[in-house]
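Here's the letter readout for the chains.
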Amino acid sequence: MELVIVRRTPGITWSMDVYADNLVAHLRQIRPLWKITEIAPALSGSWRSGTGLSKYYKRYWHHPKAMSRRSGDLFHVIDHTDGHIVRWLQQSGRSVIATCHDLVPLTCPENLRSESRLPAISSRTWRYSAEGLKAADRVLCVSANTAADVAQFLQIKHRQLAVVHSAADKAFVPLKPDVIQDFRRHQGRTPEDWVLLHVGSNQLRKNVSNILKALKIAVDRGVPAHLWRVGDGFNPEQRSFIARSGLAAHITTFDLVDQSTLVQLYNAADVTLFPSLYEGFGFPILESMACATAVITSNTSSLPEVAGESAILVDPTQPQAMAEAIVRLYVDRGYGHRLVQSGLHWSKQFSWRITAEKTAQIYEQVLESKSWFANASGFDARHLADDPEALGRFISF
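Quantities reported herein were computed from a predicted structural model and do not represent experimental measurements. Within each chain, residue numbers correspond to sequence positions counted from 1 in written order. Per-residue local features are limited, in this predicted model, to residues with pLDDT of at least 70; the limit for side-chain atom pairs, both in listing and counting, is 80 or more; totals at the level of whole chains, interfaces and linings are taken over all residues. With hydrogens and water stripped out, all remaining heavy atoms of the structure feed into the side-chain values.

*Asks:* Explain the pairing of strand E11 (residues 294-298) to me, using residue names and the numbers behind them.
*Replies:* Classification of residues uses two cut-offs on accessible area relative to the type maximum, computed with a 1.4 Å probe and protein chains only: under 20% is buried, over 50% is exposed, and between them is partly exposed. Helix and strand assignments follow DSSP, with helices taken as H or I runs no shorter than four residues and strands as E runs no shorter than two, numbered in order from the N terminus. Of all 5 residues making up E11, 5 are buried, and the element is well covered by its neighbours. Being paired, for any two strands, means DSSP has found at least two bridges between them. The pairing of strand E10 (residues 271-274) with E11 spans 4 bridges and is classified as parallel. Bridge pairing in E11 links Phe274 to Thr297. A clockwise course of the path from the first strand over the helix to the second, judged with the strands pointing away from the viewer, identifies a crossover as right-handed. Each parallel crossover has a hand, and for E10 linked through helix H13 (residues 283-290) to E11 it is right-handed. Bridge analysis of E11 against strand E12 (residues 312-314) gives 3 bridges, and the strand direction is parallel. By the bridge assignment for E12, Thr297 is matched with Leu313.

Structure (structure tokens):
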């Protein structure tokens, strides 16, 4: 089989790179006879910096048109924001699978309004792309919560959807105690410090402001807490809160880091905070668990599904609840140890090999069903009226 993986431009979205890299690597292992081709648009950065019609022409016309002219037995569009490409492929008679990771602009529209230079246009183009998922032979959703969102917001029938979880990369593992302590010392942290880690952007849904409020409460309760923030910097309102609350000495920020450093950060932290208001999946939960670090996350969207019973779930709108969880883990080290052991076991239930195998089986099912219908297309369906059993098989397929 010739499989074409339709990727985003590398470096645009970190999580999309993680998904595509791991999926393709494991597909090559489990289906070594398949010809797998990866294609990404050569937009030369215009996805972010392009102006005027050029940006939209390249993304919504030139690249999809080029994709629709390529040969292949099956195409997999790995990012829902490229859903418009699905339309082009379907109209050219291709078999198409698409992955939906989340529907943030629909579930959390305030994020798009706060980040886009032209919110009205961005909202329309995003919706246009998302609606393209309807043309896919099958839509893979990275969580059951995302599948429910797709069914609700895009009106895609459940039988067209399949839930295939993502996973943490195999690089996320526990490190030796001396390596962890050396890293903490290098970051200016003592063994007595209670290090909290948050990995992610500063979008409204990431709930960074409430993390800062929880940090303040925990410090006031006597916890020697220190927050490591990996990702975007703080906005003006958050910086003002940090200054008013005297939290500057309790926070260290990191720009986007490489994977090796991220593994060290997870290992060296005492607790990972991931209290998002909405996530399609939530990589930091599994990455942290795989590194033997306790997790506090939200009781909303996909996060309980990803965390299982191996994390503390809190109402993300209540900083007090988050602070109580921080204090509990600081005071009750036995409970924290049990949570860590549970997380290590739970994270192993997710693997990219399982993800790839489930995805490959869906590819095969789609191609098999299309082959069946193609072979049946020459059959005179009028004869089915004389054979009730055959009619039942035909209808139920």
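*Asks:* I'd love a proper account of the pattern of salt bridges, names of residues and values included.
*Replies:* Salt bridges are defined as contacts in which a side-chain nitrogen from Lys or Arg sits within 4 Å of a carboxyl oxygen from Asp or Glu. Enumeration over the complete set of coordinates arrives at 19 salt bridges. For Glu38, the salt bridge is made with Arg28, and the minimal N-O distance between the two is 3.3 Å. One end of the pair, Glu38, is in strand E2 (residues 35-39); the other, Arg28, is in helix H1 (residues 14-30), and 10 residues separate them in sequence. Salt-bridge contacts for Asp82 lead to Arg59; the nearest nitrogen and oxygen are separated by 3.4 Å.

*Asks:* Give me the lowdown on the nonpolar core, citing residues and values where you can.
*Replies:* Leu3, Leu27, Ile285 and Tyr363 are the most contacted members of the largest nonpolar core, which totals 38 residues. Of all the elements in the fold, those that place two or more residues in this core are strand E1 (2-6), H1, H13, helix H14 (303-307) and helix H17 (352-376). Per-element tally for this core: the top contributor is H1, with 7 residues. Ignoring sequence-local partners within four residues, the contact set of Leu27 consists of Leu3, Trp34, Ile36, Ala356, Ala360 and Tyr363. Ranked by size, the runner-up nonpolar core spans 32 residues in total, among them Leu196, Ile211, Ala214 and Ile312. By nonpolar core we mean a set of buried residues, namely Ala, Val, Leu, Ile, Met, Phe, Trp, Tyr and Cys, connected to one another through side-chain atoms within 4.5 Å. Residue contacts are counted whenever heavy atoms from the two residues lie within 4.5 Å of one another.

*Asks:* Can you tell me about the sheet that holds E1, naming the residues and giving the values?
*Replies:* With parallel pairing, the 6 strands of this open sheet are ordered in space as E2-E1-E3-E4-E5-E6. Whereas interior strands pair on both sides, the edge strands pair on one side only; in this sheet they are E2 and strand E6 (161-163). Pairs of neighbouring strands in the sheet enclose a mean axial angle of 20°, with direction left out of account. By the bridge criterion, 4 bridges tie strand E4 (residues 96-100) to strand E5 (residues 138-141) in an arrangement that is parallel. By the bridge assignment for E5, Cys100 is matched with Cys141. All axes are obtained by fitting lines to C-alpha atoms, using only the stretch in contact for helices, and the reported angles, taken between N-to-C directions, cover 0 to 180 degrees.

*Asks:* Account for the packing of helix H10 (residues 208-220) against helix H15 (residues 319-331), with residues named and values stated.
*Replies:* At a closest axis distance of 8 Å, the pairing of H10 and H15 adopts a crossing angle of 50°. In terms of axis orientation, H10 runs oblique to H15. You can see that H10 and H15 cross each other, and the crossing is right-handed. Along the contact surface, H10 presents Asn210, Ile211, Lys213, Ala214, Ile217 and Ala218, while H15 presents Pro319, Gln320, Met322, Ala323 and Ile326. Reported orientations rely on four angle classes, namely roughly parallel under 35 degrees, roughly antiparallel over 145, roughly perpendicular from 65 to 115, and oblique for the rest. Should the near helix be turned counterclockwise from the far one by less than a right angle, the crossing is left-handed, whereas a clockwise turn marks it as right-handed.

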